[in-house]
There are 2 protein chains.
Amino acid sequence: MDKRLEILFRRRSIRTYTDQPVSEVDLTSLLEAGMAAPSAANRKPWHLIAVTDRALLDQIAETPAYSRTIGSAPLAIVVCGDPAISSWWVQDCTAVTENILIAVAGLGLGAVWHGCLNREEREGPVRRALGIPDEIGMASVLAIGHPAEEKEARTQYDPERDHRNGW
Amino acid sequence: MDKRLEILFRRRSIRTYTDQPVSEVDLTSLLEAGMAAPSAANRKPWHLIAVTDRALLDQIAETPAYSRTIGSAPLAIVVCGDPAISSWWVQDCTAVTENILIAVAGLGLGAVWHGCLNREEREGPVRRALGIPDEIGMASVLAIGHPAEEKEARTQYDPERDHRNGW
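Residues numbered from 1 in each chain as written. Chains lettered and ligands numbered in written order. Predicted model: local features only at pLDDT ≥ 70, side-chain atom pairs only at ≥ 80, totals over all residues. Heavy atoms only, no water.

Engineer: Explanation requested: the overall build of chain A in the structure shown.
Structural biologist: A tally of regular secondary structure across chain A gives six helices and five strands. When the helices and strands of chain A are listed from N to C terminus, the series reads α-α-β-α-α-β-α-β-α-β-β. What you see for chain A is a C-alpha radius of gyration of 16 Å, in line with the 15 Å of a compact globule of 167 residues. The principal-axis extent of the C-alpha atoms belonging to chain A is close to 50 × 40 × 30 Å. Relative to its full complement of 167 residues, chain A shows a buried share of 62%. When contacts within chain A are restricted to residue pairs at least 6 apart in sequence, those whose partners lie at least 24 apart make up 76%. Taken as a whole, chain A presents about 6600 Å² of accessible surface, with 46% of it coming from carbon and sulfur. A gap of 5 Å separates the mean positions of the 18 positive and 23 negative side-chain charges of chain A. (Helix = DSSP H or I, 4+ residues; strand = E, 2+ residues; numbered from the N terminus. Rg over C-alpha atoms; globule rule 2.2 N^0.38 Å. Buried < 20%, exposed > 50% of the residue type's maximum accessible area, 1.4 Å probe, protein only. Contact = heavy atoms within 4.5 Å. Areas by Shrake-Rupley, 256 points an atom, 1.4 Å probe, with all protein chains shown as cover. Lys, Arg positive; Asp, Glu negative; His and termini not counted. Charge placed at Lys NZ, Arg CZ, Asp CG, Glu CD.)

Take a look at the structure:
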């Protein structure tokens, strides 16, 4: 694994967190990193919702998919997109999501990505808790905190998925 | 912009390249970085096709969307996904795409992302040139090379897209 790309290999899914809150400085860095993502025709269709309010986090954590992670995380970021701004909003908001996850690794934090796209049981409760308008899409829900578990850097490179000059 | 996250802010869309090829070492690092991405339930539905053959690159560059970029790039990577492995393949393969773009910045290379999802005029010519099976999805086409233009690091942070504890 290339040392210059260490931040990418250190990004792992971290599902348990200490009680320590994420600082406002780090949160700002995460949002700046997210909004450094590319977007089709540079339309930037994203909206990020950072949730630090414990009552709101606990409300979201009532949904089984989120109970273990957001139930113990001091921060959640919901990555939303406006389909009226760009028909590419899902891919653009996924690039934002991945940027935030990599930034999390770069700051020594831990996070896990919950997909929620077209999954009403994962989307509805978050939408209602945060008042996200019906016309706004939801790409991802991220639980973020200081890691209470350690994982090694890794690639999952598989030569069978590495095709050269044709399928 | 947080110094620790510099690699993310240095990722910019680079559309012109020198004649210098991308080394096999760097190409391997890009593929390892791509396959370090997260995926839903860790299903890893991706397939990466690296194209360095000039005749194939030129064939792809006959399509107007790719002519300026892949016409001058020494490398293209096509990020494909297998919907039979995961229904989340678009988001998973977009995370792979963003990982590769960030790795490109980390290696001092330059790249631009062409979206092709559900755009037959962008997907068909690449599919035919590379023999990509009909049942395999195509998420992105990346043109990659040594940059012949310079762009400054940046975020596109916008306080109007930064929502706290609710929409």
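Engineer: Can you walk me through the sheet that holds strand 3 (residues 110–115) of chain A in this structure?
Structural biologist: The strands making up a sheet associate through backbone hydrogen bonding, with each pair oriented either parallel or antiparallel. In spatial order, the strands read 3(A)-4(A)-2(A)-1(A)-5(B); together these five strands make up an open sheet with mixed pairing. Both outer strands of the open sheet, strand 3 of chain A together with strand 5 (162–164) of chain B, are each paired with one neighbouring strand and no more. Recorded for the sheet is a direction-independent mean angle of 20 degrees between the axes of neighbouring strands. Note that strand 1 (residues 46–51) of chain A and strand 5 of chain B share three bridges and pair parallel. Bridge pairing in strand 5 of chain B places A:Ala50 opposite B:Arg164. Contacts from helix 6 (residues 120–130) of chain A reach strand 1, strand 2 (75–81), strand 3 and strand 4 (137–145) of chain A within the one sheet, and its direction differs from that of strand 4 of chain A by about 80 degrees. (Pairing = 2+ DSSP bridges. Axes fitted to C-alpha atoms, helices over the stretch in contact; angles between N-to-C directions.)

Engineer: Explanation requested: the relation of the copies chain B and chain A in the structure shown.
Structural biologist: Note on the chain copies: they are related by a rotation about an axis and a translation along it. With an RMSD of 0.0 Å, the operation that places chain B on chain A is a rotation of 180 degrees combined with a shift of 0.0 Å along the axis. Both copies are brought into coincidence by an operation consistent with a two-fold rotation axis. Looking at chain B, 100% of its interface residues are interface residues in chain A too, so the copies touch through the same face. (Least-squares fit on C-alpha atoms with pLDDT ≥ 70 in both.)

Engineer: Any chance you could explain the sheet that holds strand 4 (residues 137–145) of chain B here in plain terms?
Structural biologist: Within the open sheet, the five strands sit side by side as 5(A)-1(B)-2(B)-4(B)-3(B). Their pairing is mixed. Each of the sheet's edge strands pairs with one partner strand only, and the pair in question is strand 5 (162–164) of chain A together with strand 3 (110–115) of chain B. Here the strands of the sheet are splayed against their neighbours by 20 degrees on average, with no regard to which way each runs. Of the strand pairs in this sheet, strand 2 (residues 75–81) of chain B and strand 4 of chain B are connected by seven bridges, and their pairing is antiparallel. When the bridges of strand 4 of chain B are listed, B:Ala76 appears paired with B:Ala143.

Engineer: Even after reading the chapter, I still don't get the interface of chain B and chain A, so can you show me in this structure?
Structural biologist: By a frequent convention, interface size equals the accessible area lost on bringing the separate parts together. In this complex, chain B contributes 72 residues to the contact, which on the side of chain A involves 72 residues. Between chain B and chain A, a total of about 6000 Å² is buried, with carbon and sulfur atoms accounting for 57% of that surface. Together, B:Gln91, B:Arg161 and B:Trp167 form the three largest contributors to the area buried by chain B at its contact with chain A, with a combined 14%. Summed over the shared surface of chain B and chain A, the number is four salt bridges. In this structure, A:Arg164 and B:Glu24 form a salt bridge, with 3.2 Å as the shortest nitrogen-oxygen distance. Seen at the junction of chain B and chain A, the total is 40 residue pairs in polar contact (both at pLDDT 80 or more). The element contributing the most residues to the side of chain B that touches chain A is helix 5 (residues 89–106) of chain B, with 10 residues. Across the side of chain B that touches chain A, the residue classes tally to 38 nonpolar, 17 polar and 17 charged. (Buried area = accessible area lost by both parts, 1.4 Å probe. Salt bridge = Lys/Arg side-chain N within 4 Å of Asp/Glu carboxyl O. Polar contact = N/O pair within 3.5 Å; in protein donor to acceptor, adjacent residues only side chain to side chain. Nonpolar A, V, L, I, M, F, W, Y, C, P; charged D, E, K, R; others polar.)

Engineer: I tried to follow unusual backbone geometry on my own but got confused; where do I start?
Structural biologist: The phi angle of most residues is negative, glycine excepted, and most peptide bonds adopt the trans form. You will see that A:Asn42, though not glycine, has its phi angle at about 50 degrees, which is positive. Here A:Asn42 shows up in the loop between helix 2 (24–34) and strand 1. Judged by relative accessible area, A:Asn42 falls into the partly exposed class, the value being 35%. At B:Lys44, a position not held by glycine, the phi torsion is positive, near 50 degrees. Locating B:Lys44 in the fold gives a position in the loop between helix 2 (24–34) and strand 1 (46–51). Looking at B:Lys44, the relative accessible area reads 26%, which means it is partly exposed.

Engineer: Quick question: what am I supposed to make of the confidence of the model for chain A here?
Structural biologist: In regions of low pLDDT, the predicted coordinates are not meant to be interpreted in detail. Taken residue by residue, chain A gives an average pLDDT of 97. The fraction at 70 or more is 100%. The ipTM value of the predicted complex is 0.98, and its pTM value is 0.98. (pLDDT = per-residue confidence, 0-100.)

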